[in-house]
Amino acid sequence: MSDRRRFLLSTGVLAAGAAAFAAWPTRDGGAPAGPRARGGTESMTALAPQADGRRPLAPQAPQAEPQAAPQPGQGQTLAKRPNFVLILADDLGFGQLGCYGQKKIRTPRIDRMAREGLRFTDAYASAPVCAPSRASLLTGLHSGHSAVRRNPPKEGEIPLGANEPTIAEMLQANGYRTGLFGKWGFGPNAGNNNTNPNARGFTDFFGYMTHHMAKRYYPEFLWDNGQRYQLPGNSGDNGPIYGPGLIMQRALTFLRDADRQGQPFLLMLTLPLPHAPSVSAGLGQYRGKDWRRQDKAHAAQVSQLDGYVGVLLDELRRLGLADDTIVVFTSDNGPHEEDGVRPRFFDAAGPYRGLKRNLYEGGIRIPFIVWSPKLLRRTARKRTTHPTVQYDLMATFADFAGIKAPKNDGLSLRRVWTGTGKAPRHEYLYWLRLHAGSTKSHRAEERGKGRRCAAAVRFDEWKLIGFAPGTEYSTPGGKWTYELYNLNKDPGERHNLAKARPALVRRGERYLKRSWRPLD
């Protein structure tokens with residue numbers, strides 16, 4: 001059976017319509033890569049239209065003439081509350097998309113999304129590993145305040161804090177239908193308990209309940225809300241049913257149901273792509289490459305994710321939902337090097353130092369694209385250097401929906417996304433890393449400190465990284481060691497200025513101390 005046929009069979013409904021044409025990586029090239037991002041003064045630069053002459057990847061609905069869209073002030077309600085689609089990739093590095101400089105992996109649909117939308121160059125994950133990063137995104141609390149501060153042990157999961165409302169709970173309480181499709185990761189591999197997605201604000205859930213379960217691309221079962229959905233014939237890495245394809249099918253069903261009901265919605269798509277292991281539904285255009293098997297499969301995973309993004313955007317257009325929907329594409333942390341994948345072969349972190357697990361820029365600076373043809377028309381075809389972190393999303397979604405957000409650490413990005421005035425800026429951004437596994441390159445970057453607790457802050461153009469003396473958290477100071485970098489002049493973090501600028505180190509250390517709150 002060919003790779004393409006196997007893929008289409010695995011995705012069920014995707015093969016039934018035009019969406020199937022976008023679901024498989026094509027030989028068409030993506031957009032020319034834009035300039036590499038550097039930290040610095042906030043700016044927004046228009047991108048010139050690019051006529052690439054390629055055939056459409058899927059039939060497009062006719063585009064209406066642009067209409068004047070309401071641009072209310074911060075906190076006001078839009079005439080129609082917007083829908084939100086949040087696509088969260090798993091271990092996708094800053095440099096793994098064509099629109100961020102990737103040369104080997106083809107991502108034409110996300111590149112197109114970036115050309116049509118607003119691309120951030122200074123956006124950050126909330127942590128350098130999956131669980132605390134995703135927890136902060138969901139709750140708006142950074143990892144010094146969130147209950148989830150590390151990846152879970154091999155057996156077991158760490159639940160979200162009972163008193164930490166999620167984006168889904170906030171929106172559901174205000175009339176939104178809320179769906180999560182993909183990886184959850186905050187409770188046991190069991191249904192109907194107070195830690196699963198349905199108990200934390202999601203009206204609809206289909207996917208993997210735990211982080212460890214999500215490493216099985218051909219799972220024996222998935223969860224349909226609180227019930228097991230058996231997948232006969234699957235055995236983890238092989239089988240007739242490709243898990244992400246089936247999950248994508250259910251996400252599209254959710255879209256169509258929400259459209260028929262006329263209810264505003266939040267759709268979170270959290271497929272495990274391109275997390276290890278390097279298992280794909282086929283190698284596609286990479287089969288003939290003179291690369292290692294793991295690298296070919298990893299590239300195919302990224303291109304499959306790209307195809308799914310295209311399917312989702314096409315469906316929004318087909319249903320007439322695009323003008324009322326804000327789509328966010330991002331990743332939970334930097335690129336991985338597990339299962340034999342070589343991130344440096346792909347230049348996966350772009351110009352930045354480090355990988356997943358590092359608090360250097362390569363471990364936490366990630367792709368971040370927002371798209372909405374009408375609601376965000378003023379910032380279409382632009383890029384911005386406005387520093388942001390994913391725990392800003394709760395405040396931002398609340399602002400667009402005209403509702404009050406629970407207490408959180410984020411700031412609304414509405415003015416940045418709409419291009420309607422100066423947006424508030426954080427005094428500093430904060431990250432924490434507790435022991436979260438280890439890889440050869442991750443340890444090499446930190447010269448023996450890779451297993452130690454670490455924390456970092458970015459303030460203005462400065463970045464301070466502190467390493468605790470042991471694996472557990474202790475109050476910064478004393479035996480902590482520090483590295484200080486000027487991200488404007490040294491985005492690759494090669495010149496440690498801690499000894500030369502002690503006043504800035506002390507300032508950063510104060511921020512570190514301020515950001516930690518002991519768990520109850």
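Here we summarise the structure given alongside this text. In this text the structure is predicted, and so the values were computed from the model without any measurement.

1. With respect to the overall build of the chain
Step number 1: What the chain contains, in helices and strands, is twelve helices and 17 strands.
Step number 2: Per-residue burial for the chain yields a buried fraction of 62% across its 520 residues.
Step number 3: Once local pairs closer than 6 in sequence are excluded, the contacts in the chain between residues at least 24 apart make up 72%.
Step number 4: As displayed, the chain has an accessible area near 19,100 Å², and 49% of this comes from carbon and sulfur atoms.

2. Some details on helix 12 (residues 502-515)
Step number 1: In this model helix 12 runs 20 Å from its N-terminal to its C-terminal C-alpha over 14 residues, within 8% of the 20 Å that 1.5 Å per residue would give.
Step number 2: Every buried residue belonging to helix 12 is among Leu-504, Val-505, Gly-508, Glu-509, Tyr-511, Leu-512 and Ser-515, and all of these are buried. Summarising the axial view, the buried residues of helix 12 lie within an arc of 155°, below the 170-degree limit, and thus occupy one face.
Step number 3: At its buried positions, helix 12 is contacted by strand 14 (429-433), strand 15 (454-459), strand 16 (462-467) and strand 17 (481-486).

3. Observations regarding the packing of aromatic side chains
Step number 1: With the rule as written, the count across this model stands at 26 aromatic pairs.
Step number 2: In textbook terms, an aromatic cluster arises when at least three aromatic residues are bridged by ring pairs, as seen for Phe-84, Tyr-176, Phe-397, Phe-400 and Trp-417.
Step number 3: Here the basic side chain of Arg-119 rests over the ring of Tyr-100, its NZ or CZ set 4.8 Å away from the ring centre.
Step number 4: Sitting above the plane of the Phe-400 ring, Arg-414 keeps its charged end 4.9 Å from the centroid.

4. A few points about unusual backbone geometry
Step number 1: Of note, the amide linkage connecting Leu-273 to Pro-274 takes the cis form, showing an omega dihedral of -5°.
Step number 2: Here Pro-274 lies in the loop between strand 9 (265-270) and helix 7 (293-318).
Step number 3: Following Ala-276, the chain continues to Pro-277 via a peptide bond in cis, the omega torsion being 5°.
Step number 4: Inspection of the secondary structure puts Pro-277 in the loop between strand 9 and helix 7.
Step number 5: Despite not being glycine, Asp-347 shows a phi value in the positive range, around 55°.
Step number 6: Among the residues examined, Asp-347 registers a relative accessible area of 31% and is labelled partly exposed.

5. A word on the packing of helix 3 (residues 108-116) against helix 7
Step number 1: Relative orientation of the contacting elements helix 3 and helix 7 amounts to 50°, with a least axis distance of 7 Å. In this view, helix 3 runs oblique relative to helix 7, as classed from their interaxial angle. Counted together, Pro-108, Arg-109, Ile-110, Arg-112, Met-113 and Glu-116 of helix 3 and Asp-306, Val-309, Gly-310, Leu-313, Asp-314 and Arg-317 of helix 7 form the full contact between these two elements.
Step number 2: Classifying every residue of the contact of helix 3 with helix 7 by side-chain character gives five nonpolar, one polar and six charged.

6. Notes on the sheet that holds strand 16
To summarise the sheet geometry, strands pair through backbone hydrogen bonds and adopt either a parallel or an antiparallel arrangement.
Step number 1: Strand order in this open sheet of four strands is 14-15-16-17, and the pairing throughout is antiparallel. Looking at which strands have only one partner, the edges of the open sheet turn out to be strand 14 and strand 17. Averaged over all neighbouring strand pairs, the angle between strand axes comes to 15°, with direction disregarded.
Step number 2: In terms of strand pairing, strand 16 meets strand 17 through six bridges, oriented antiparallel. Among the inter-strand pairings, Ile-465 is bridged to a residue of strand 17, identified as Glu-483.

7. With respect to the pattern of salt bridges
Step number 1: The full count for this structure, using the stated rule, is 32 salt bridges.
Step number 2: Note that Asp-314 is salt-bridged to Arg-109, the shortest N-O span being 2.9 Å. With a gap of 205 residues between them, Asp-314 in helix 7 and Arg-109 in helix 3 connect regions that are remote in the sequence.
Step number 3: A relative accessible area of 3% places Arg-109 in the buried class.
Step number 4: Among the salt bridges present, the one from Glu-493 reaches Lys-463, with a minimum N-O distance of 2.8 Å. With Glu-493 in the loop between strand 17 and helix 12 and Lys-463 in strand 16, the pair connects residues that are 30 residues apart, well separated along the chain.

8. Brief notes about the nonpolar core
Step number 1: The biggest cluster of nonpolar side chains holds 105 residues, and the ones touching the most others in it are Leu-171, Leu-316, Phe-329, Phe-397 and Trp-417.
Step number 2: Per-element accounting of this core gives the leading share, ten residues, to helix 7.
Step number 3: Among all residues touching Leu-316, those that are not within four sequence positions of it are Val-85, Leu-255, Phe-265, Leu-321, Ala-322, Thr-325, Val-327 and Trp-371.
Step number 4: Judged by nonpolar contacts, the second largest core, of 34 residues, contains Tyr-124, Tyr-428, Leu-432 and Ala-454.

9. Points about the environment of Thr-439
Step number 1: For Thr-439, the position within the fold is in the loop between strand 14 and helix 11 (440-446).
Step number 2: Counting along the chain gives 102 residues from Thr-439 to Glu-337, while the straight-line C-alpha distance between them is 7.3 Å.
Step number 3: Those residues in contact with Thr-439 that lie beyond four places of it in its chain are Glu-337, Glu-338 and Arg-357.

What counts and how
Residues numbered from 1 in each chain as written. Predicted model: local features only at pLDDT ≥ 70, side-chain atom pairs only at ≥ 80, totals over all residues. Heavy atoms only, no water. Helix = DSSP H or I, 4+ residues; strand = E, 2+ residues; numbered from the N terminus. Buried < 20%, exposed > 50% of the residue type's maximum accessible area, 1.4 Å probe, protein only. Contact = heavy atoms within 4.5 Å. Areas by Shrake-Rupley, 256 points an atom, 1.4 Å probe, with all protein chains shown as cover. Expected span 1.5 Å × (residues − 1). Arc of directions from axis to C-beta. Phe/Tyr/Trp six-rings, centres within 6.5 Å; stacked < 30°, edge-to-face > 60°. Lys NZ or Arg CZ within 6 Å of the ring centre and 35° of its normal. Axes fitted to C-alpha atoms, helices over the stretch in contact; angles between N-to-C directions. Parallel < 35°, antiparallel > 145°, perpendicular 65-115°, else oblique. Nonpolar A, V, L, I, M, F, W, Y, C, P; charged D, E, K, R; others polar. Pairing = 2+ DSSP bridges. Salt bridge = Lys/Arg side-chain N within 4 Å of Asp/Glu carboxyl O. Core = buried A, V, L, I, M, F, W, Y, C linked by side-chain atoms within 4.5 Å.

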